Amino acid sequence: MSNNNQYNILDLSNEILFIIFNKLNTIDVLYSLVDITQQFNQLVFDPFYIRNLNMTSLTMKSFYDRIYSIDNQVLDRICKNILPRISHQINELILEQYSMERVLHTNNYPQLYSVTLMDFSDEALFNYLTNNTILRKLLNEQITCLTIDVKNKPTEPFSETLWVTFTLILSLCKELNKLSFCQFDNRSTFCTFDLSSTNFKSSTLTELKINVETFDDCLSLLDGRFNCLSTLIINIEIISCTSGTIDNTKKLPKLKHFSLISYPHTFLYDNLIIPLLQRMINLEELILHLSIIRSNKNYIDGIQLYDDILIYMPRLNKFTFNIYTNVDKKNVGIVFSSNEDIQRSFKRKEYGSVASHIEIFTRENQDKCHNYSLPYEFKSRCHIYSLPHQFRTYHFLNNSFQGGIFVNVQSLVMTDFSPFEHNFFKIISQSFPLLKKMDIMNKEPQKDKQKSLSLIKFSYLIYLDLQSAHADYAEQFLVDKYCHLPCLLNLNIHYESLVLVTNNFTNDATRLTCSKLTSLRINEPFVPPKNFYQYFPLL
């Protein structure tokens, strides 16, 4: 016990200190605690602690603008005084663009088998893979697991460098078993391939995670060029018509795990997705996240999923799904299932617990709809998903939502034809405790103007989009006595709504929240008044 009967960190047991160290950023621990005491050194240099070394330090400027680089002084101390003492024990290494060369050139890493290249531009990544001899040697001789994170370029067209880089990695990495390419959270980087090329292939790759632009890209990855592939986790930007030049009938007996996520609506579930899934005759795990448009067919239910897909997968033991069936107005003479019918259809043990919800759209609410949440030709929508909800996104949530706990959801889209009231947002904050991104699409003014109930808190919300929302929702979120948003950095909003809720940038009730914003997106042109940047000092 230290003096004055107060606890000191040096009095804590190794077990407690090890737990604390694991909660801290590794860079901070190495820089601040090495050579402070022999006890600290023993813990920091423990093989279980330093075998997975993260050489990045995250600074979040905004939701899409994140810096992973390390301070030069910190990097210098670690490279000179610490890495030489631990490099022989490191198995996994996370590197960022600006310090990678320094870290790799300082030491040898004989036990290294996994590398993550974080936040690289596509040009820098290609240059390193082409010209950095140490990186190339590691990839060629040692690395079996590789993760690639490429920076977003939302305003630029697709770069051919990406698929050339993908091809280069496959040819360079002779021992590669697992590859994750452009599949980090909050990225919008998608690859597309030169389908005439035969250069991208691998005889060692067993697991691939990737974002691609088209369904043809997905089919090309399953055309036999990866003959040992057993796991494919793929996000397709849009599922539309294919070239028809790639076979979608040949069986895929080696594929054991398949995950398909695609957010935009697709008409081609029956013509493309079902035939693809029917090829996976030995599949053990299936994950689907789809929004489907159907003409002259009923909602997708448990019976259809079994008859169309599961009956072809006798070894399937885990099926997780989140599926929207959007029925268009062309459906004539079809008696649609009720929600009770949908629930009864999921009796098979393969499904586990399933939630379902049906919305019927009247002519009145069709006139009010937002074209993202509900194309004008739809007459109804059925939403089915596995419980507990496993996905990071939840789209098209409306006032019929009854609550629950959705700890995995980080991105939420809310849309309805009737207003969202204060009490409903209270339910949302409790149901989605780790929410980071929220889009509200509702043009209806709130009816409950009192908002006299308890303060609502979204503890982790970083990004709020009110571009398609009534000005009342700006008041709901920006007035600090109604809502507490300690992490909010990004706001998308109409200028008129912003002027109204801030009283032309003089309202003290919204000043605290606005003063923390680092990104403000206003689509229409405007001339900021003199006090604008005083109100938003971090812009």
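Up top you'll find the structure we're talking about.
Since the structure is predicted, the reported quantities are computational estimates derived from the model, not experimental observations.

Student: With reference to specific residues and values, describe the overall build of the chain.
Tutor: Along its length, the chain carries 19 helices and 22 strands. Relative to a compact globule of 539 residues, whose C-alpha radius of gyration would be 24 Å, the chain shows 26 Å and is just as compact. In terms of overall dimensions, the chain has a C-alpha envelope of 75 × 65 × 50 Å along the principal axes. Within the chain, the fraction of its 539 residues that count as buried is 51%. Long-range contacts, defined here as pairs at least 24 residues apart, represent 72% of the contacts in the chain between residues at least 6 apart. As displayed, the chain offers around 25,100 Å² of accessible surface, 50% of which is attributable to carbon and sulfur atoms. Measuring between centres, the 51 positive side-chain charges of the chain sit 2 Å from its 54 negative side-chain charges.

Student: An account of a nonpolar patch on the surface is needed here, citing residue identities and associated values.
Tutor: Side chains of Ile16, Ile19, Ile20 and Leu24 sit close together on the surface and give an oily, nonpolar patch of about 320 Å² of accessible area. Residue position: Ile20 is located in helix α1 (residues 14-23).

Student: Could you give me a rundown of the sheet that holds strand β17 (residues 437-442), with the residues and numbers involved?
Tutor: Pairing in this open sheet of 6 strands is parallel, and the strands run β15-β16-β17-β19-β21-β22 from one edge to the other. Taken across any chain shown, the strands that pair with only one partner, and hence form the sheet edges, are β15 (393-397) and β22 (519-521). Taking the axes of each pair of neighbouring strands and ignoring which way they run, one obtains an average angle of 5° across the sheet. Helix-sheet contacts for helix α15 (residues 422-431) involve β15, β16 (411-415) and β17, and the interaxial angle to β16 is about 155°.

Student: Summarise the sheet that holds strand β7 (residues 178-181); cite the residues concerned and give the values.
Tutor: Pairing is mixed in the open sheet, where 12 strands are placed in the order β1-β4-β5-β6-β7-β8-β9-β10-β11-β12-β14-β13. Each edge of the open sheet carries a strand with a single partner, namely β1 (52-54) and β13 (354-360). Sheet twist, expressed as the mean angle between neighbouring strand axes with direction ignored, is 10°. In the packing of helix α9 (residues 160-172) onto the sheet, the strands contacted are β6 (145-150), β7 and β8 (207-212), and the crossing angle to β7 comes to about 170°.

Student: Break down the pattern of salt bridges for me, citing the residues and quoting the values.
Tutor: In a structure, side chains of opposite charge can pair up when their charged atoms sit close to one another. Under the defined criterion, the tally for this structure stands at 14 salt bridges. Between Arg102 and Asp76 there is a salt bridge whose closest N-O contact spans 2.8 Å. Linking Arg102 in helix α6 (residues 100-106) with Asp76 in helix α5 (residues 72-86), this pair joins segments that are 26 residues apart in sequence. Residue Asp270 is joined to Arg294 by a salt bridge in which the shortest nitrogen-to-oxygen separation is 2.8 Å. Of this pair, Asp270 sits in helix α11 (residues 269-278) while Arg294 is found in strand β11 (residues 285-294), placing the two residues 24 residues apart along the sequence. Because the salt bridges share partners, they merge into one network encompassing Asp76, Lys80 and Arg102.

Student: Explain the nonpolar core to me, and be specific about the residues and the numbers.
Tutor: Core analysis: the biggest nonpolar cluster contains 110 residues, and Phe166 and Phe258 have the highest contact counts within it. Dropping the residues within four chain positions of it, Phe258 is found in contact with Leu232, Ile234, Leu276, Leu277, Met280, Leu283, Glu285, Leu286 and Ile287. Counting 45 residues, the second-largest nonpolar core is a separate cluster that includes Phe425, Leu461, Phe477 and Leu517.

Student: With reference to specific residues and values, describe the packing of helix α7 (residues 122-131) against α9.
Tutor: Orientation of α7 relative to α9, taken along the N-to-C sense of each, is 25°, at an axis distance of 10 Å. Considering the angle they form, α7 stands roughly parallel to α9. As α7 packs across α9, the resulting crossing turns out to be left-handed. Taking contact as the criterion, the partners of Asp122, Leu125, Phe126, Leu129 and Thr130 in α7 are, on α9, Thr161, Leu162, Val164, Thr165, Leu168, Ile169 and Leu172.

Student: Can you explain the environment of Met55? Please cite residues and give values.
Tutor: Looking at the element boundaries, Met55 is found in the loop between β1 and β2 (59-60). For the pair formed by Met55 and Leu539, sequence separation is 484 residues and the distance between their alpha carbons is 29 Å. Contacts of Met55, omitting those with residues within four sequence positions, involve Ile27, Ile70, Leu75, Ile78, Leu93, Ile94, Leu95, Glu96, Ser99 and Val103.

Student: Tell me about α11, and please be specific about residues and values.
Tutor: One full turn of an α-helix is made of 3.6 residues, so residues set three or four places apart face in the same direction. For α11, the buried fraction is high: 7 of the 10 residues fall into the buried class. What α11 keeps buried is the set Tyr269, Leu272, Ile273, Ile274, Leu276, Leu277 and Gln278.

Student: I'd love a proper account of α7, names of residues and values included.
Tutor: Every buried residue of α7 is accounted for by Asp122, Ala124, Leu125, Tyr128 and Leu129. One side of α7 holds all its buried residues, which, seen down the axis, span an arc of 165°. Close packing links the buried residues of α7 with α6, β5 (114-120), α8 (133-141), β6 and α9.

Student: Quick rundown of the pairing of strand β9 (residues 231-236)? Include the residues and the values.
Tutor: Counting buried positions along β9 yields 5 of 6 residues, so the element is predominantly enclosed. Examined bridge by bridge, β8 and β9 share 6 bridges and lie parallel to one another. Within the sheet, the bridge partner assigned to Val212 lies in β9 and is Ile236. For the segment spanning β8, helix α10 (residues 215-221) and β9, crossover handedness is right-handed. Summarising the sheet, β9 and strand β10 (residues 257-266) pair through 5 bridges and their orientation is parallel. Across the sheet, Ile233 pairs through a bridge with Ser259, a residue of β10.

Student: Got a sec to walk through the environment of Met118? Specific residues and values, please.
Tutor: The topology assignment puts Met118 in strand β5. Judged by relative accessible area, which is 8%, Met118 ranks as buried. On a C-alpha basis, the gap between Met118 and Val150 in space is 7.1 Å, while along the polypeptide they are 32 residues apart. Those residues within four positions of Met118 in sequence are excluded, and the remaining contacts are Thr56, Tyr68, Ile94, Leu95, Glu96, Gln97, Asp149 and Phe184.

Parameters at a glance
Residues numbered from 1 in each chain as written. Predicted model: local features only at pLDDT ≥ 70, side-chain atom pairs only at ≥ 80, totals over all residues. Heavy atoms only, no water. Helix = DSSP H or I, 4+ residues; strand = E, 2+ residues; numbered from the N terminus. Rg over C-alpha atoms; globule rule 2.2 N^0.38 Å. Buried < 20%, exposed > 50% of the residue type's maximum accessible area, 1.4 Å probe, protein only. Contact = heavy atoms within 4.5 Å. Areas by Shrake-Rupley, 256 points an atom, 1.4 Å probe, with all protein chains shown as cover. Lys, Arg positive; Asp, Glu negative; His and termini not counted. Charge placed at Lys NZ, Arg CZ, Asp CG, Glu CD. Patch = residues over 30% accessible without salt bridge, like charges linked within 9 Å, V, L, I, M, F, W, Y side chains within 5 Å. Salt bridge = Lys/Arg side-chain N within 4 Å of Asp/Glu carboxyl O. Pairing = 2+ DSSP bridges. Axes fitted to C-alpha atoms, helices over the stretch in contact; angles between N-to-C directions. Core = buried A, V, L, I, M, F, W, Y, C linked by side-chain atoms within 4.5 Å. Parallel < 35°, antiparallel > 145°, perpendicular 65-115°, else oblique. Left-handed = near helix turned anticlockwise from the far one by under 90°. Arc of directions from axis to C-beta. Right-handed = clockwise from strand over helix to strand, strands pointing away.

By themselves, these figures tell us nothing about what the structure is for.
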